[in-house]
Amino acid sequence: MWKQILSKLPNKKSSKNEHHHRGGGRDGHSSSSSSSHASTSKTSDNGVKKQSHSQTKNNNAPVASSSDVNPKSNGVFTPYEALPSFKDVPNTEKQTLFIKKLNLCRVVFDFTDPTKNIKEKDIKRQTLLELVDYVNSANGKFSEGSVQEVVRMVSANIFRTLNPQPRENKVIDALDLEEEEPSMDLAWPHLQLVYELFLRFVASPETDTKLAKRYIDQSFVLKLLDLFDSEDPRERDCLKTILHRIYGKFMVHRPFIRKSINNIFYRFVFETEKHNGIAEFLEILGSIINGFALPLKEEHKVFLVRVLIPLHKPKCLQMYHQQLSYCITQFVEKDCKLADTVIRGLLKYWPVTNSSKEVMFLNELEEVLEATQPPEFQRCMVPLFRRIARCLNSLHFQVAERALFLWNNNHIENLIMQSRKVILPIIFPALERNAQKHWNQAVHSLTLNVRKIFQDLDPELFKECLAKFKEDESKEGETKAKREATWKRLEEVGMRKG
């Protein structure tokens, strides 16, 4: 009976449990160590899933200190060492190893001192190369944990504060900007592989779009767009390819991406006139515009009028004019009725004192006119050829020469000749003045050729214009003589009173 009562007391049970916890801790340590790989697999996959989504937006990348350590959870630091190769582990453990390698690559090293962390930098580079190969040859869908860790690693490495060089004179003299040596990011050996890994990850058929869009979200896209202001052209080229892939794969982000790029353009045109990635954005948009379905949506036409045409305003136009001209021409080729809108937009922003910019406008004008049909041409030909007449009389020979080259284009020449009764009276005075007294021989010869085209095609109209020109010249001479006589009389009156 006493034994039965004593057996119910808690002392024996608690001591037994305590012995189990303490003794089991010793005995169980080796067993937990032997199964650590499996348990790590579970926590890496399942534990990652439980992390809040907001953590992917605010990644504080661990930066390697002088002690060369790799930050782990629990505040324990271990040396930055290479992990086993993918070929050395069974297939069932490759996803776990993939996540471990991604965590290892979240450490960002300082490249300003080339003698610092040499071994660790090389370990990270080799690990990134392995990750690129793994993503490229993946033959199974990436788990949610893997997707999240890829985005976290990429964010830790590429999202940083850009430090642009002073650019006070860049906007003033775009020619000097072209000749300047581009600023190269010292961390490019790692950044390049991170971008390559992310590009292959986004493009991989094993990346589930519905799953990935939870982490490659609008916040991520905005940060990616901010990086286009990088001074390093290699980085901008990588970003251009990646953004184009994201636009193609994540259809839900397309309107947001277009709107965000528009906002960057607005700020560039109307506020700063300083941005390194305008050409890359326009290159992406050129491909997007090429894929627009017909008939064009109203929002796309608004984009043309409010964004693309005002981009002709900044002084540094030549840095992105080729890409801008392509975008503009794409719109006119898709909908020829937009030609009138585009040409009037060019006339609105036509440069007055910048000759090199004026030559660019004439180049673009030729491309637009080549895609223009007679009805649209006739709507804008009067203001257009008033401007061309001023170009013909330009004292800068390249401007006058480029304007005369328009007659070398068969399509444009046909448009002009169909409406010659309106166009010739507008440009005839400019042609005659060039033929009489332009200082440049090439411009003089080209003017005579254009003049002869009109004379051969319509002699009667040519004679009328010539007679009108002589009459106007005579009247102008008389007006000038009267003005000089008036001034002479005023001088005489002034001298008498003096």
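Per chain, residues are indexed from 1 in the order of the written sequence. It should be noted that, the model being predicted, local features are given only for residues of pLDDT at least 70 and side-chain atom pairs only at 80 or more, the latter also being counted only at that level, while totals for whole chains, interfaces and linings use all residues. No hydrogens and no water enter the side-chain calculation; it runs on all heavy atoms of the structure.

**Digging into the overall build of the chain**
Applied cut-off: Helix and strand assignments follow DSSP, with helices taken as H or I runs no shorter than four residues and strands as E runs no shorter than two, numbered in order from the N terminus. Throughout this description, buried means an accessible area under 20% of the type-specific maximum (1.4 Å probe, protein chains only), exposed means over 50%, and partly exposed covers the range between. Any two residues whose heavy atoms approach within 4.5 Å are treated as being in contact.
Scanning the chain from N- to C-terminus turns up 23 helices and 2 strands. Here the chain holds 498 residues, and the buried ones make up 44% of them. The long-range share in the chain, meaning contacts at least 24 apart out of those at least 6 apart in sequence, stands at 76%.

**Structural notes on the packing of helix α15 (residues 321–334) against helix α17 (residues 355–370)**
Counted only if it meets this: Only the stretch in contact is used when fitting a helix axis, every axis being a line fitted to C-alpha atoms; angles between N-to-C directions are given from 0 to 180 degrees. These descriptions rest on fixed angle ranges, namely under 35 degrees for roughly parallel, over 145 for roughly antiparallel, 65 to 115 for roughly perpendicular, and the rest for oblique. By the definition used in this description, the sense in which the near helix is turned from the far one sets the handedness, with an anticlockwise turn below a right angle giving left-handed and a clockwise turn giving right-handed.
Two elements in contact, α15 and α17, have axes separated by 9 Å at closest approach and are oriented at 25°. With respect to α17, the element α15 is oriented roughly parallel. Both α15 and α17 take part in a crossing whose hand is right-handed. Residues His-321, Ser-325, Ile-328, Thr-329 and Val-332 of α15 pack against Met-360, Glu-364, Glu-367 and Val-368 of α17.

**Side note on the pattern of salt bridges**
Charged atoms that come close allow side chains of opposite charge to pair. Defined as follows: Put simply, a salt bridge is a Lys or Arg side-chain nitrogen that is within 4 Å of an Asp or Glu carboxyl oxygen.
Going through the model one piece at a time under the given rule, you end up with 22 salt bridges. Measuring nitrogen to oxygen at the nearest pair gives 2.7 Å for the salt bridge that ties Lys-101 to Glu-130. Within this pair, whereas Lys-101 is found in helix α4 (residues 94–104), its partner Glu-130 is found in helix α5 (residues 118–136), the two being separated by 29 residues in sequence. Its relative accessible area of 25% is what places Glu-130 among the partly exposed residues. A salt bridge links Lys-240 to Glu-283, with the nearest nitrogen and oxygen atoms 3.1 Å apart. A residue pair is termed long-range when its members are at least 10 positions apart, and Lys-240 in helix α11 (residues 233–249) and Glu-283 in helix α13 (residues 278–290) qualify at 43 residues. The network of salt bridges with common partners includes Arg-160, Asp-185 and Glu-235.

**A look at the confidence of the model for the chain**
The following threshold applies: Confidence scores labelled pLDDT are given residue by residue by the predictor and lie between 0 and 100.
Residues of the chain with pLDDT of at least 70 account for 81%, and the chain-wide mean is 84. Of the regions scoring below 50 in pLDDT, residues 12–60 engages in 38 contacts with residues more than four places distant in sequence or in other chains.

**As for helix α20 (residues 410–418)**
As a reminder, the rule being used: Polar contact criterion, stated in full: a pair of N or O atoms within 3.5 Å, where within protein one must be able to donate a hydrogen and the other to accept it, and residues adjacent in sequence count only if both atoms are side-chain atoms.
Listed in full, the buried residues belonging to α20 are Ile-412, Glu-413, Leu-415, Ile-416 and Met-417. Taken together, the buried residues of α20 touch α17, α18 (374–392), α21 (420–437) and α22 (441–457). With a side-chain oxygen lying 3.0 Å from the backbone nitrogen of His-411, the N-terminal cap of α20 falls on Asn-409.

**Quick word on the nonpolar core**
Just so we agree on the cut-off: We define the nonpolar core as a collection of buried residues of types Ala, Val, Leu, Ile, Met, Phe, Trp, Tyr and Cys that are connected through side-chain atoms lying within 4.5 Å of one another.
With 132 residues, the main nonpolar core has Phe-198, Leu-282, Leu-308, Tyr-320, Phe-385, Ile-427 and Phe-454 as its most contacted residues. The element that contributes the greatest number of residues to this core is helix α8 (residues 188–203), accounting for 10 residues. Those residues in contact with Phe-198 that lie beyond four places of it in its chain are Val-150, Val-154, Ile-216, Phe-220, Ile-242 and Ile-246.

**Concerning unusual backbone geometry**
A cis amide bond, omega -5°, links Leu-294 with the succeeding residue Pro-295. Looking at the secondary structure, you find Pro-295 in the loop between α13 and α14 (298–308). Residue Asn-117 is not a glycine yet carries a positive backbone phi of 55°. Overall, the relative accessible area of 6% leaves Asn-117 in the buried class.

**Describing the packing of aromatic side chains**
Inclusion rule: By convention, a stacked pair of Phe, Tyr or Trp rings (six-membered ring in the case of Trp) has centres within 6.5 Å and planes under 30 degrees apart, an edge-to-face pair has planes over 60 apart, and any other such pair is tilted.
Taken as a whole and judged by the stated rule, the model has 18 aromatic pairs. Taking 6.3 Å as the distance between ring centres and 40° as the angle between the ring planes, the aromatic pair formed by Trp-188 and Tyr-195 counts as tilted. Each member of the pair, Trp-188 together with Tyr-195, is buried. Taken together, a centroid distance of 6.0 Å and an interplanar angle of 80° make the contact between Phe-377 and Phe-385 edge-to-face. Looking at Phe-377, the relative accessible area reads 0%, which means it is buried. We classify Phe-385 as buried; its relative accessible area is 1%.

**Here we look at the environment of Ala-400**
Tracing the backbone through its elements, the reader meets Ala-400 in helix α19 (residues 397–404). With 34 residues separating them along the chain, Ala-400 and Asn-434 place their C-alpha atoms 9.3 Å apart. Those residues in contact with Ala-400 that lie beyond four places of it in its chain are Cys-391, Leu-392, Ser-394, His-438 and Val-443.

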